[in-house]
Amino acid sequence: PYPIFFYWWLSPLTGLPYPALSAGLYLGQFFLFAWALALLVRTAAPDSALRPMEYLLATLLAVNFQPFLETLSQHKAEGLEFFLLCAAIFAFKKGKDLQSGAAIFLAAALKYLPGWLAIYFLLKRERRVVTGFLLAGALCVAVFSLLFGIDAFWDLGVRQTLWLGFAPKAESNLPNAVFELQSLTQVVHRCFTRVDPSDLREMLAGAQ
């Protein structure tokens, strides 16, 4: 289960041919990871000079970065989420606080965890970042409510979110991990291993 806006923003893509859509989303994440790493290097650099060794180091670190490995092995939202967080950090360094807050909201709209950054900036009294977060959220809520109704937002955006966070029966709030996807050797093994379709149902049940 993902936040409500994740499904809303992806829903227009369901009308496209699946093979092309699947390949486009999968390959697009690698471009976003490269862009995100470039943003991180530029954020950490003291000036605008080109630093090839820093880009090389960032690439080597990313090769064993667990969200990147999940992207490598299957379709995940982590590629876009990671890019948005790096864009938020870069915007904050450049003094574009409202843009930084909006990027954090977009990341949190894909997966809940980046929302903690808004709390961090709130505690740090970075009011313009928090304002950007709230403005982006208010705009999305208003547009969604106009298109689908306030009841739909309340049920899917508020009640479901609270249930996922606090209900003991919600699987999404249990600590679980798929170790197959979290090491470089296993990801490489997965890329070159043919899966028996008859075992797919059992694999999917056991993986979660």
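Located above this text is the structure these notes cover.
J.: Kindly report on the overall build of the protein, identifying the contributing residues and their values.
T.: The secondary structure content of the protein amounts to eleven helices and zero strands. Walking the protein from its N terminus toward its C terminus, one meets helices and strands in the order α-α-α-α-α-α-α-α-α-α-α. Relative to all contacts within the protein whose residues are 6 or more apart in sequence, the contacts with residues 24 or more apart total 70%. Entry remark: accessible area of the protein is about 13800 Å², with carbon and sulfur atoms responsible for 69%.

J.: If you had to explain the packing of aromatic side chains to someone new, which residues and values would you point to?
T.: Under the defined criterion, the tally for this structure stands at 17 aromatic pairs. Following the ring pairs from residue to residue traces out a cluster consisting of F5, W8, W9, F105, F133, F144, F148 and F153.

J.: Just give me the short version of unusual backbone geometry, but keep the residues and values in it.
T.: In this structure, R125 takes a positive phi of about 60° despite not being glycine. Mapped onto the fold, R125 is located in the loop between α7 (116-123) and α8 (127-148).

J.: Any chance you could break down the packing of helix α2 (residues 18-44) against helix α5 (residues 78-93) for me, citing the residues and the numbers?
T.: Running from N to C, α2 and α5 cross one another at 25°; their axes reach a closest spacing of 8 Å. In this view, α2 runs roughly parallel relative to α5, as classed from their interaxial angle. The interaxial crossing formed by α2 with α5 has left-handed handedness. Seen from α2, the contacting residues are Q29, L32, F33, W35, A36, L37, L39, L40, R42, T43 and A44; seen from α5, they are E78, G79, L80, F82, F83, C86, A87, I89, F90 and K93.

J.: Give me the lowdown on the nonpolar core, citing residues and values where you can.
T.: Considering soluble globular proteins, one finds that nonpolar side chains tend to be buried as a cluster. Membership of the largest hydrophobic core comes to 21 residues, with the highest contact counts inside it found for A36, L37, L39, F82, F83, L84 and C86. Of all the elements in the fold, those that place two or more residues in this core are α2, α3 (52-63), α4 (66-73), α5 and α6 (97-110). Other than its neighbours up to four places away in sequence, L37 contacts A58, T59, A62 and F82. Ranked by size, the runner-up nonpolar core spans 19 residues in total, among them F5, A109, C140 and F153.

J.: Account for α6, naming residues and giving values.
T.: In this model, α6 (14 residues) spans 20 Å end to end at C-alpha, consistent with the 20 Å of a helix rising 1.5 Å per residue. Within α6, ten of the 14 residues are buried, leaving the element largely enclosed by the surrounding structure. Restricting attention to buried positions, one finds in α6 the residues D97, S100, G101, A103, I104, F105, A107, A108, A109 and L110.

J.: Explain the side chain of R51 to me, using residue names and the numbers behind them.
T.: Residue position: R51 is located in the loop between α2 and α3. Within polar-contact distance, the side chain of R51 engages the side chain of D47 at 2.9 Å. When sequence neighbours within four positions are dropped, the list of residues in contact with R51 reads A45 and P46.

Conventions and cut-offs
- Residues numbered from 1 in each chain as written.
- Predicted model: local features only at pLDDT ≥ 70, side-chain atom pairs only at ≥ 80, totals over all residues.
- Heavy atoms only, no water.
- Helix = DSSP H or I, 4+ residues; strand = E, 2+ residues; numbered from the N terminus.
- Contact = heavy atoms within 4.5 Å.
- Areas by Shrake-Rupley, 256 points an atom, 1.4 Å probe, with all protein chains shown as cover.
- Phe/Tyr/Trp six-rings, centres within 6.5 Å; stacked < 30°, edge-to-face > 60°.
- Axes fitted to C-alpha atoms, helices over the stretch in contact; angles between N-to-C directions.
- Parallel < 35°, antiparallel > 145°, perpendicular 65-115°, else oblique.
- Left-handed = near helix turned anticlockwise from the far one by under 90°.
- Core = buried A, V, L, I, M, F, W, Y, C linked by side-chain atoms within 4.5 Å.
- Buried < 20%, exposed > 50% of the residue type's maximum accessible area, 1.4 Å probe, protein only.
- Expected span 1.5 Å × (residues − 1).
- Polar contact = N/O pair within 3.5 Å; in protein donor to acceptor, adjacent residues only side chain to side chain.

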